[in-house]
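Geometric and topological summary
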There are 2 protein chains.
Amino acid sequence: MATIYDVAKAANVSPKTVSRVINGDAPVGKKTRDKVEAAIASLGYVPSLAARTMRSNRSGLVGLITGAISLAPDSSEFGGLPDLIIVQRVQRVLEDNGMSLLISDTGGKQERVADLMRTFTEHRVEGMLYVGDYHKRVDLPPFPDGTKLVLANCYDDAGTPCVLPHDRLCQKMLVEALIAKGHRRIAYLSLSNDIDATRLRTEGYRDALEAAGIAFDPDIVIPADTRMSDPQAEVQLLWDAIERIMADDHPPTAICFGNDRIALRAYGILRSRGLRVPDDISVAGFDNHRLIAETLYPQLTTVELPYAAMGVRAAHMLLSLIKGEEAPSEPQLVSGPVCWRDSVLPRPASVTNINDIASLGRKSS
Amino acid sequence: MATIYDVAKAANVSPKTVSRVINGDAPVGKKTRDKVEAAIASLGYVPSLAARTMRSNRSGLVGLITGAISLAPDSSEFGGLPDLIIVQRVQRVLEDNGMSLLISDTGGKQERVADLMRTFTEHRVEGMLYVGDYHKRVDLPPFPDGTKLVLANCYDDAGTPCVLPHDRLCQKMLVEALIAKGHRRIAYLSLSNDIDATRLRTEGYRDALEAAGIAFDPDIVIPADTRMSDPQAEVQLLWDAIERIMADDHPPTAICFGNDRIALRAYGILRSRGLRVPDDISVAGFDNHRLIAETLYPQLTTVELPYAAMGVRAAHMLLSLIKGEEAPSEPQLVSGPVCWRDSVLPRPASVTNINDIASLGRKSS
DNA sequence: CGCAAAAATGACACCGATGTCATAAAATGC
DNA sequence: GCATTTTATGACATCGGTGTCATTTTTGCG
């Protein structure tokens, strides 16, 4: 591989002059520049960042750690899809700012994080990002002061700068939108109770009801997802939850699901019970997981968790940390828009629960 | 950041001795080693790979280029999901071999590849990978001889070493499995005709029919996907295709879809037409896109395109190239297993088409 | 035309590791 | 006990760039 000395010799100038041509940090005579550029081109010279790094202490590298790429190490399952959007956005923003992205994957093993951070340090990354696979608290290994680190989609107790989804507001906006379409009896089949997002989103759900003067009814708010990966059990849980809310004295006219994936599963279950979406019952998801939301028939109304925006925000935060600016001490909350599709039908005010729907044609499963 | 000189001073030895302790490339006295290790620990010293790279010309970096992370730059759509499995596997294999992975995303713009490769060269990567978002031919920009490059999920005309999915064999195995369950009239609603995979898979479909002595009937083999991203149009296309095959004189007892996503869409359409899966009609996908296949109700029988295995294979190929070994001149074909789930029902030999199914209860949409 | 300021270029040290070679200290053999 | 390995350590150059400062050439202007 050609070096700057080879170029200097070929162009018959000093290495420093070649350096100036490359970096443009001092004026170079036109004729000289041409000679140098010709030499660079003919030798196919590409400068070595390793050498540059030594002198300038700027590696042009940022490290990103994620368990996102795969949670289930030995299968082709994808737990972490949305988080990849974060990764992708981070990559793009950094690239636009002349940085390259080193990616490591914990493979689900939290204890590997320390090693990965060390490897990044060996590469003298200028900053690091840690991306959570879902909104949660994380425990990071101790790292030296002055490490530039931003958390995305997760937070820690040490107050490391972080970017988080505004689950509460997103859910509130979605439920408000349903209410605006005339729905007054709205069930919520949430994610597992032991994740942060569930609490926040349930608060958002209640916020929206309260704002509309609708009483909160715990009977139609049920967790319908575990974080186990047994699909059979998940289906059963969801089936039971749907059973329960539909057997209520006042069955809902709309159901919000904890995410688009559960909604997808629910489509099949509802149809098996003879309920048509959206004619008999309106359905909303969460995440705007377009692979699902746009592919489902009918297409799914949902709310976008702003992964893309979070990625951009986190990358910019890191860039400003690298520039030496101060980090915000509060988590940065980001929210996304409601995505209106075909799975929700307006209801006249006279319809207060599903039994009031005249056209309802129940069929046995 | 502490340097090897700081450590040497603190331990009162020469820098070279510190280097020996770190790398273990020459014997060091026990007492000296302890002193040095104590100094390293107390200073929090981490060696700089940039400096090491300069001397040894081994950066420990591998660059990976993909359009995979996102095909649709301005949306949250995910065209490329399976390819991420490749990326993830590559990452893991490389990490196990002490290499770090630099990732860049073309954002769908093929012309950026040259820039990305240049950036990788600046970082003095020891090898590069290019991951296609689906099985296709690619045009790479010219790169210097001696560049260690492996293509995954794509190939070029220059005979660059590559790893490809064995579409033909996968489809053949899937159709054979259907035939083994007694299906003799099997429709194939394929992907768009202008991608390589469609031709290969159709050949696989025909291979299986031929092996079973079933005549190939072009009337029930229809492309049912474009690569446009208008979901509305895609649904229409699929609707029409299903309409056509079900209006055939001998409607099939099973349908193979070009991928799991189309199958997902088809579930809704079939149900709208009053056809139950799998009671009335059996359905198979392609990809083993578990997010879909396992979430659908009933779960989808499909065939796994071996993205994980391809990632592993590609990474190992690159590692041996880096070691100086010769690359295979032929594309490496990798196939995956049929994933048997609930969307296919066995048919007795007497049932040659859907009209023979006694229990069939058609309903109007 | 002469001289100061600006532009263009080069010499040299240095960033932080490691390879080479030399040398000092300890172990071994007879 | 002395020569001879073997083991342990250090001095120094080097990798490929850039920062600093010095020097030469050109330009501008009274």
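What comes next concerns the included structure. (Residues numbered from 1 in each chain as written. Chains lettered and ligands numbered in written order. Predicted model: local features only at pLDDT ≥ 70, side-chain atom pairs only at ≥ 80, totals over all residues.)

Before going further, it helps to examine helix α10 (residues 260-272) of chain A. Residue and element names in this part refer to chain A. The terminal C-alpha atoms of α10 lie 19 Å apart, and with 13 residues this matches the ideal 18 Å at 1.5 Å per residue to within 8%. Within α10, 11 of the 13 residues are buried, which leaves it mostly tucked inside the rest of the structure. Buried within α10 we find D260, R261, I262, A263, L264, R265, A266, Y267, G268, L270 and R271. Just downstream of α10 lies G274, where phi reads positive at about 80°. (Helix = DSSP H or I, 4+ residues; strand = E, 2+ residues; numbered from the N terminus. Expected span 1.5 Å × (residues − 1). Buried ≥ 20, exposed ≤ 12 C-beta atoms within 10 Å, placed from the backbone.)

Before going further, it helps to spend a moment on the interface of chain A and chain B. Residue-level contacts link 56 residues of chain A with 56 residues of chain B. Looking at the side of chain A that touches chain B, the element that brings in the most residues is helix α5 (residues 82-96) of chain A, giving seven residues. Among the residues forming the side of chain A that touches chain B, the class breakdown is 25 nonpolar, 18 polar and 13 charged. Examined bridge by bridge, strand β2 (residues 100-105) of chain A and strand β2 (residues 100-105) of chain B share three bridges and lie antiparallel to one another. Across the sheet, residue I103 of chain A finds its bridge partner in β2 of chain B, namely L101 of chain B. (Contact = placed C-beta atoms within 7 Å. Nonpolar A, V, L, I, M, F, W, Y, C, P; charged D, E, K, R; others polar. Pairing = 2+ DSSP bridges.)

Another aspect to go through is the sheet that holds strand β7 (residues 221-223) of chain A. The strands that make up a sheet pair up through hydrogen bonds in the backbone, lying either parallel or antiparallel. Residues and elements named next belong to chain A. Here four strands make up an open sheet; going across it, the order is β7-β6-β8-β9 and the pairing parallel. The two strands at the open ends of the sheet, each matched to only one other strand, are β7 and β9 (282-284). Across the sheet, the mean angle from the axis of one strand to that of its neighbour is 20°, orientation sign disregarded. Pairing of strand β6 (residues 186-190) with strand β8 (residues 254-257) involves four bridges; the strand directions are parallel. Within β8, the position partnered with L189 by the bridge is F257. Here helix α8 (residues 196-211) sits on the sheet and contacts β6, β7 and β8; the angle it forms with β6, its principal contact strand, is near 175°. In this fold α10 packs onto β6, β8 and β9, with an angle of close to 135° to the strand it touches most, β8. (Axes fitted to C-alpha atoms, helices over the stretch in contact; angles between N-to-C directions.)

Take the packing of helix α9 (residues 231-246) of chain B against helix α10 (residues 260-272) of chain B next. Residue and element names in this part refer to chain B. For the pair α9 and α10, the least separation of the axes is 10 Å and the interaxial angle reads 65°. The handedness of the crossing between α9 and α10 is right-handed. When α9 is examined against α10, the residues V235, L238, W239 and I242 are found in contact with a partner set consisting of I262, R265, A266, I269 and L270. A per-class count over the contact of α9 with α10 returns eight nonpolar, no polar and one charged. (Left-handed = near helix turned anticlockwise from the far one by under 90°.)

Let us look at the protein's contact with DNA strand D. The local shell around DNA strand D holds 26 residues, among which I4 and S19 of chain A together with P27, G29 and T32 of chain B are the closest. Elements represented by at least two residues in the surface near DNA strand D include exactly α2 (15-23) and α4 (49-56) of chain A together with α2 (15-23) and α4 (49-56) of chain B. Residues that form the surface near DNA strand D fall into these classes: 11 nonpolar, nine polar and six charged. (Near = placed C-beta within 6 Å.)

Residue P278 of chain A follows V277 of chain A across a cis peptide bond; omega there is 5°. Secondary-structure assignment places P278 of chain A in the loop between α10 and β9. Of note, the amide linkage connecting Y297 of chain A to P298 of chain A takes the cis form, showing an omega dihedral of -5°. A positive phi angle, close to 55°, is found at R124 of chain A, a residue other than glycine. When you line up the elements, R124 of chain A lands in the loop between α6 (113-122) and β3 (127-137). Exposure remark for R124 of chain A: the 21 C-beta atoms within 10 Å place this residue in the buried category. At N12 of chain B, a position not held by glycine, the phi torsion is positive, near 60°. Following the sequence through the fold, N12 of chain B ends up in the loop between α1 (4-11) and α2. Among the residues examined, N12 of chain B registers 11 C-beta atoms within 10 Å and is labelled exposed.

The next subject is the pairing of β2 of chain B. Residue and element names in this part refer to chain B. With respect to burial, β2 is a largely interior element, six of its six residues being buried. Taken together, the six bridges between strand β1 (residues 61-66) and β2 define a ladder with parallel strand orientation. Counterpart to G63 in the pairing with β2 is L102.

On to the packing of helix α7 (residues 167-180) of chain B against helix α8 (residues 196-211) of chain B. Residues and elements named next belong to chain B. It is the contact of α7 with α8, at a shortest axis distance of 7 Å, that shows an interaxial angle of 35°. Considering only the axes of α7 and α8, their crossing is right-handed. Together, D167, R168, L169, C170, Q171, K172, V175, E176 and I179 of α7 and A197, L200, R201, E203, G204, Y205, D207, A208, L209 and A211 of α8 make up the contact between the two elements. When its residues are assigned to classes, the contact of α7 with α8 shows 10 nonpolar, two polar and seven charged.

What is shown is where atoms sit, not what they do.
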